[in-house]
Amino acid sequence: MSISVRNIRKNFGRFTALDDVSLEIPAGQLVALLGPSGSGKTTLLRIIAGLEFPDCGAVQFDGTDITDRTARERRVGFVFQHYALFRHMTVFENIAFGLRVRPREFRPSKEYVRAKVNELLRLIQLQNQANRYPSQLSGGQRQRVALARALAVEPGVLLLDEPFGSLDAKVRLELRRWLRQLHDEVHITSVFVTHDQDEALEVSDRVAVMNEGRIEQVGTPDEVYNQPATPFVYNFLGNVNLFHGRVDHDRTYIHEAPTGDLVFVRPHLLDIARHPGPPNSFRATTRHINAAGPLVKIEAVTDWGAPVHVEMSQERFRTLRLATGEIVFISPKEAAVFQKNGAA
Amino acid sequence: MRWLLTAVAVIFLGAFLLLPLGIVFGTAFQKGLSFYVASLREPDALAAIRLTLLAAGIAVPLNLVFGVAAAWLIGKFEFIGKSVLITLIDLPFSVSPVVSGLVYVLLFGMQGLLGPWLMAHNIRIMFAAPGIVLATIFVTFPFVARELLPMIQAQGNDEEEAALTLGAGGWQTFFRVTLPNVKWALLYGVILCNARAMGEFGAVSVVSGHIRGLTNTMPLHIEVLYNDYQIVAAFAVASLLALLALLTLVVKSIVEWNARRQLAQQAAASEEPTR
C-alpha cells in the first residue's frame, strides 16, 4: 500500500510539531524518518497511524483519503518504542490478540490463529517462548514479539517508532539487519522513526530528514549523505567541520573571518601535510590524536582558534608520524558550500 | 535499642488493636454459643443485617462502575475541569459523615428543598431505606476511584493504543487490556468500599431515624442494643463487623503481595537484559 501525506500541520498548544509536511511513500518501500528529538518525526508517524489527527492536511493510503479514519479502521501495524506488549498475556496471546478481537463474522478459526501465530513465532525465532510473559523476555525478544503482533493482522503498512531505541548497541545492530532482511521477504510498505543516522542510512530504501517540523530532504541514503540539500542535513548526517570561506576556480578557500559562504567539510575529506601544499591550505596545531579503530581521528586548532576534526587511514597516519602539538597544514579535498541564506 | 522499639510496638499494638478485638469476641461469646446465635437470629438483628447488606449491595456496585469510569476518564484523558473533578471525588473524605447526612436531611427532609414535592408524590427517602442507601453511596464513593487512579496513571496509554491499532474496539480494549492490568487495585478498592459501606455510622445515623426492624443498619442496631444494656447481644452483632474487618485485612495482604510481585517483575523487566 502506498502512503501519501499532504500538507499536514499539527500544533500542540503553541508548539508547532508539523509545519506543512508532505511526503510520498511508494508501495513496498522501507522509509526512515530521521531527525533530532522534537523534529516532529514521531508525530508524523502517529498521524499516519491514526493515533493523532492533523490540524489540517490529508493522509491517503493507495490514493484513498483516510484522514478521518481511526487507527482501528486503518489496518496499520504499529510497533511502539517501548514495545507496549500486553503484560498480562503470554507471547502467544499477545500475537493472537489482533485476530481474536475481530468482529465475530471476520474472526478466524482457532486452528487458523494457532497456525498463524506459530508461523510468526518461527519468523521471529521465538518458537520456544510462546508461553512466556513479556517480563520474562529480553529487550530484543520483546521488540520482535511486538513486531510479530503487528504483522499478525496482515496490515497494509508497518509503522515503527524508534524500533531499536531502547536496546543496547550490539542487539540493535543485529536487529536492524534482521528487520531489513524481513522487509525484503515480506515487502510491506514500512516507515520507521529514528534519530540514529547510521540506522536510517543502513536499513532504509529512502530517508526523509526532518527538522523543526519540516522535511528538509527526501532521498536515497546515498543522496542524502553525499548530496545534502541543506546545511542541516549535512550537519546531521555524519561528522562535519563548519567553516566560512569561498570557492574560487574549483578550490575551496577557508576564511578566518565569518564572511563569504558556509563551507562544510567531512573529517575524512581534509588532507593533512607537514608543509604548505596547495594554495588553499591553512595552518593548524594538532591537539589530540585517537588512533584506536579503523580510522585515526585527529583534533587540531586553526591559527584563529577554530577546532578542526580530521580522519585518515592508519596507513597515512603511520607515514606522517604525527604527534600532538605539531604544526600542520590542512587543505579541503572536497567540500559542500552553502550560501549564508541556506541555499546550495 | 532494637528490642526496646520492638517491645513498644508490640505493647502498643496489643493494647490498642488486639485487646479490643479480643474483647469484642470474648464478650460476644460470654453467654455461650446459643445466646450468640440467638442474638443474631433475633428479628431486629436480622432486619439490620438485611438492610446493611442491601445498602452495601447497592452502593458498592454503583461506586464500582462510577469509580472505574472516573479513574479511566481522569487517568487517560486531558480535559478542562479535571482538577475540579478530582477534588469533588475527594469531597466525601474531607466532609464529616454527620454533615453529609445532614445535607440529605436538608435536601429530602420534610422541611427540606425537595421535601414537599416528595411528600406530594408519596415518595419516602428520609428515615427509610432509600435515604440510607443514598448516604452510604455518598460516603463510600471515593474508594474505588482513589485506589485505581494512581495505577491507571502509572500505566500510560501505550497498551491501549497498541490494542487500538490491532483493531480492538473501546470495550474490548477496556475489558481485555485496561481492566486486567488494574484488577488487584480494583479488588482492593471494592473491599475498602464494602467495609466502609457496611460499617458507616455517622451519615446513616442522621438519615435513618432509628426505627427498629425497619431503618436500623448493623452499626445502628449495635448502638441501640448497647444503650439498652444488652451488652452481649451488641457485641455479638459487632463481632460480625469485626470479622469483616479481619477478612478485609487478609484480602488486603494478598492484594498487596500480588501487587508487589507484579512491580518486582516489571522492575526486573526494565533492567533490559541484552538477550
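Presented here is an overview of the structure given in this document.

So, how was this worked out
Residues numbered from 1 in each chain as written. Chains lettered and ligands numbered in written order. Predicted model: local features only at pLDDT ≥ 70, side-chain atom pairs only at ≥ 80, totals over all residues. Heavy atoms only, no water. Salt bridge = Lys/Arg side-chain N within 4 Å of Asp/Glu carboxyl O. Helix = DSSP H or I, 4+ residues; strand = E, 2+ residues; numbered from the N terminus. Buried < 20%, exposed > 50% of the residue type's maximum accessible area, 1.4 Å probe, protein only. Contact = heavy atoms within 4.5 Å. Buried area = accessible area lost by both parts, 1.4 Å probe. Polar contact = N/O pair within 3.5 Å; in protein donor to acceptor, adjacent residues only side chain to side chain. Nonpolar A, V, L, I, M, F, W, Y, C, P; charged D, E, K, R; others polar. Pairing = 2+ DSSP bridges. Axes fitted to C-alpha atoms, helices over the stretch in contact; angles between N-to-C directions.

**Overview of the pattern of salt bridges**
Residue and element names in this part refer to chain A.
Reasoning step 1: Applying the stated criterion across every chain yields a total of 22 salt bridges over all chains.
Reasoning step 2: The partner of D271 in a salt bridge is R316, with the nearest N and O atoms 3.9 Å apart. Taken together, the residues span a long stretch of sequence, with D271 in strand β14 (residues 270-273) and R316 in helix α10 (residues 314-320) at a distance of 45 residues.

**Section: the environment of N157 of chain B**
Residues and elements named next belong to chain B.
Reasoning step 1: For N157, the location among the structural elements is in the loop between α8 (142-155) and α9 (158-165).
Reasoning step 2: In this structure N157 comes out as partly exposed when scored by relative accessible area, which is 32%.
Reasoning step 3: Between the C-alpha atom of N157 and that of G75, which follows or precedes it by 82 residues, the distance is 9.2 Å.

**Focus on the interface of chain B and chain A**
Reasoning step 1: The interface is formed by 24 residues belonging to chain B together with 32 residues belonging to chain A.
Reasoning step 2: Across the interface of chain B and chain A, roughly 2,600 Å² is buried in total on both sides, 54% from carbon and sulfur atoms.
Reasoning step 3: Counting every contact that joins chain B to chain A gives six residue pairs in polar contact (both at pLDDT 80 or more).
Reasoning step 4: Of all elements in the fold, only α9, α10 (170-181) and α14 (231-270) of chain B reach the threshold of two or more residues within the side of chain B that touches chain A.
Reasoning step 5: The greatest single-element share of the side of chain B that touches chain A, amounting to seven residues, is contributed by α9 of chain B.
Reasoning step 6: Across the side of chain B that touches chain A, the residue classes tally to nine nonpolar, nine polar and six charged.

**What about the sheet that holds strand β8 (residues 189-194) of chain A?**
Residue and element names in this part refer to chain A.
Reasoning step 1: One open sheet accounts for six strands, arranged β6-β7-β8-β3-β9-β10; its pairing is mixed. In the strand order of this sheet, the two ends are held by β6 (76-79) and β10 (214-219), each with one partner. Pairs of neighbouring strands in the sheet enclose a mean axial angle of 15 degrees, with direction left out of account.
Reasoning step 2: Across four bridges, strand β3 (residues 30-34) lies against strand β9 (residues 206-211) in parallel orientation.

**Let's talk about the pairing of strand β13 (residues 261-265) of chain A**
Residue and element names in this part refer to chain A.
Reasoning step 1: Burial analysis of β13 places four of its five residues in the buried class, the great majority of the element.
Reasoning step 2: Here strand β11 (residues 241-248) pairs with β13 via five bridges, running antiparallel. Paired with H244 across the two strands is L262, which belongs to β13.
Reasoning step 3: Bridge count between β13 and strand β19 (residues 336-338): three bridges; the pairing is antiparallel. Considered in β19, the bridge of V263 is made with V337.

**Considerations on the sheet that holds strand β4 (residues 56-61) of chain A**
Residue and element names in this part refer to chain A.
Reasoning step 1: Read from one edge to the other, the open sheet built from four strands follows the order β2-β1-β4-β5, with strand pairing classed as antiparallel. Two strands lie at the open edges of the sheet, namely β2 (15-25) and β5 (64-65), each paired on one side alone.
Reasoning step 2: One ladder, built from five bridges, connects strand β1 (residues 3-12) with β4; its direction is antiparallel. Its bridge partner lying in β4, S4 is registered against Q60.
Reasoning step 3: Along the sheet face, helix α1 (residues 41-49) touches β1, β2 and β4 and points at about 120 degrees away from the line of β1.

The values reported here are purely geometric and, on their own, carry no functional implication.
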